[in-house]
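Structural features, examined
Chain residues, written in single-letter form:
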Amino acid sequence: MNVLVVDDDGGMRTALEARFLRRGWRVETAGTTLEALDRFRRARHPLIVTDIRMPGEDGFSLLRAARALSPQTAVILLTAFASVPDAVTAMKDGASDYLVKPVSFELLEQAAERILAQGGASLAAKNGLLVKSDLGVIKDLGVIKNDLSGSAPAWVRSLDRARQAAASDADVLIEAESGTGKELVARWIHRLSPRRDRAFVAVNCAAFPETLLESELFGYAKGAFTGAAQAKPGKFELAHGGTLLLDEVGEMPLGLQPKLLRVLQEREFDRLGDTRTVKVDLRVIATTNRPLAQMVREGRFRADLYYRLNVIPLSLPPLRQRAGDTRELAEHFVRLYGAGKSLRLTPEFLRRLEAHDWPGNVRELANCMRRVVALATGSEIDGGALDDCGWSVAEPAPAPQLEGLRPGVSLEQMERQLVAMTLEATGGNRSRAAEMLGVSLRTVRNKVRSYGLPSRSSYGHD
């Protein structure tokens, strides 16, 4: 079995190494968190035994970074300064055990063997690298594949191209409407690729303002800005060896795009406030629900970044263009959400289901099926159940009309009213409103702030 021992006390490090070696373990040691992370990236140890209080980054930082890189890795924390808050923090951050020095080696070894035995059915140590067993990989792929159900020719072509992309190590750009399964396909590519046993790290580029997005992607050094009490690795660093998903990359601010281009070209970057260059080995998959080529023509996205991301382009058809797949997906979601219940979809239900155009694509269908399954009272689900999904095929709701539309009304007034009405129609769902208005989520957020529109909680949501 493999273990990585981390302690700034050379005597303690040597003693633990010697005891583990005598018991037949393969041991690596490190004196600092940064040294430990460097060793861990090269060989994903199934177990880390680390001191908490060390110069520079402490054991909690190592715990969080290692678990982000490999969630299956077990971490045992050792400390001579036991405290209840530290123990609570350790458990919340995913520590497998928390032991107080001086600790007997027998107790430490028992804890290590117990922890590894609990994960032994699904984990195997091969060549010093922690990998999932073949059975675990097959199970993961099966779950993803079921959510990618469909036999429409356009969909099958997209999945075939995804398989081809997975066999290479080239970056991939997935362009498709919201709700079509872009992130799911990205995860599938990762699970089919040679990087399947390494980290899959996702970041939503629309979820952060520019200043926070930069630190989220590239991390920062201790003291880089007010409040940076400790260094933080960015998503690029956490994805080292694996796959990084840049979700909604079209939302990335122009000012940050040159730095992203550099890391894509050179596979290296600088943390905020740090002079040390960090080198990474990873694959990047980017997704967008906006036409990047058009954004390039309009000067809203860098052409060189677009070409660098678009090594293997992949498009996913919307659900309305996947004839026959609606029924197959609906039956899959019944099995998924039915919790063992035997439920039958009536012909009327399926007819109404297939007549709907599904503007929210598979995500909308999944949410609708979750709702009708949860509310089902018998063994059959009939067409009336779809009324709970908030739409009617037979009687489409009339489009809302703008009030006060007359010559002389300012564009700003009309825009405010249009955004407000769209948010009202979506129950305050800003993502859905952005789709309906054909703008980005960031634009909707900015309009809500600038026009002083109601918060999400005003629509009955938390």
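Rules behind the numbers
- Residues numbered from 1 in each chain as written.
- Predicted model: local features only at pLDDT ≥ 70, side-chain atom pairs only at ≥ 80, totals over all residues.
- Heavy atoms only, no water.
- Axes fitted to C-alpha atoms, helices over the stretch in contact; angles between N-to-C directions.
- Helix = DSSP H or I, 4+ residues; strand = E, 2+ residues; numbered from the N terminus.
- Parallel < 35°, antiparallel > 145°, perpendicular 65-115°, else oblique.
- Left-handed = near helix turned anticlockwise from the far one by under 90°.
- Contact = heavy atoms within 4.5 Å.
- Nonpolar A, V, L, I, M, F, W, Y, C, P; charged D, E, K, R; others polar.
- Buried < 20%, exposed > 50% of the residue type's maximum accessible area, 1.4 Å probe, protein only.
- Arc of directions from axis to C-beta.
- Core = buried A, V, L, I, M, F, W, Y, C linked by side-chain atoms within 4.5 Å.

Regarding the packing of helix α14 (residues 325–337) against helix α16 (residues 361–375)
- Packing of α14 against α16 leaves a shortest axis separation of 9 Å and a crossing angle of 45°. The orientation of α14 with respect to α16, classified from their angle, is oblique. Note that α14 runs across α16; the crossing there is right-handed. Facing Thr326, Leu329, Ala330, Phe333, Val334 and Tyr337 of α14, the residues of α16 in contact are Val362, Leu365, Ala366, Met369, Arg370 and Val373.
- A per-class count over the contact of α14 with α16 returns ten nonpolar, one polar and one charged.

Looking at helix α11 (residues 257–266)
- Along α11, the residues that are buried comprise Gln257, Leu260, Leu261, Val263 and Leu264. Down the axis of α11, the smallest arc covering the buried residues is 165°, so these residues share one side.
- In the core, the buried residues of α11 are packed alongside α9 (210–218), α10 (235–238), β12 (243–247), β13 (268–270), β15 (283–288) and α13 (303–309).
- Immediately downstream of α11, the backbone of Arg267 shows phi near 55°, a positive value.

Points about the nonpolar core
- The biggest cluster of nonpolar side chains holds 33 residues, and the ones touching the most others in it are Leu217, Phe236, Leu246, Val249, Leu260, Phe301 and Leu309.
- For this core, the element with the most residues is α11, which contributes four residues.
- Once residues lying within four places of it in the same chain are set aside, the contact partners of Leu217 are Val203, Gly234, Lys235, Phe236, Leu246, Met252 and Leu256.
- Counting residues in each nonpolar core, the second largest holds 22 residues, with Phe333, Leu350, Trp358 and Cys389 among its members.

Examining the packing of α14 against helix α15 (residues 347–355)
- Remark: α14 packs on α15, axes separated minimally by 9 Å, with the N-to-C direction vectors making an angle of 120°. With respect to α15, the axis of α14 lies oblique. You can see that α14 and α15 cross each other, and the crossing is right-handed. The residues of α15 that touch α14, namely those facing Thr326, Arg327 and Ala330, are Leu350, Leu353 and Glu354.
- Class assignment for the residues of the contact of α14 with α15 results in three nonpolar, one polar and two charged.

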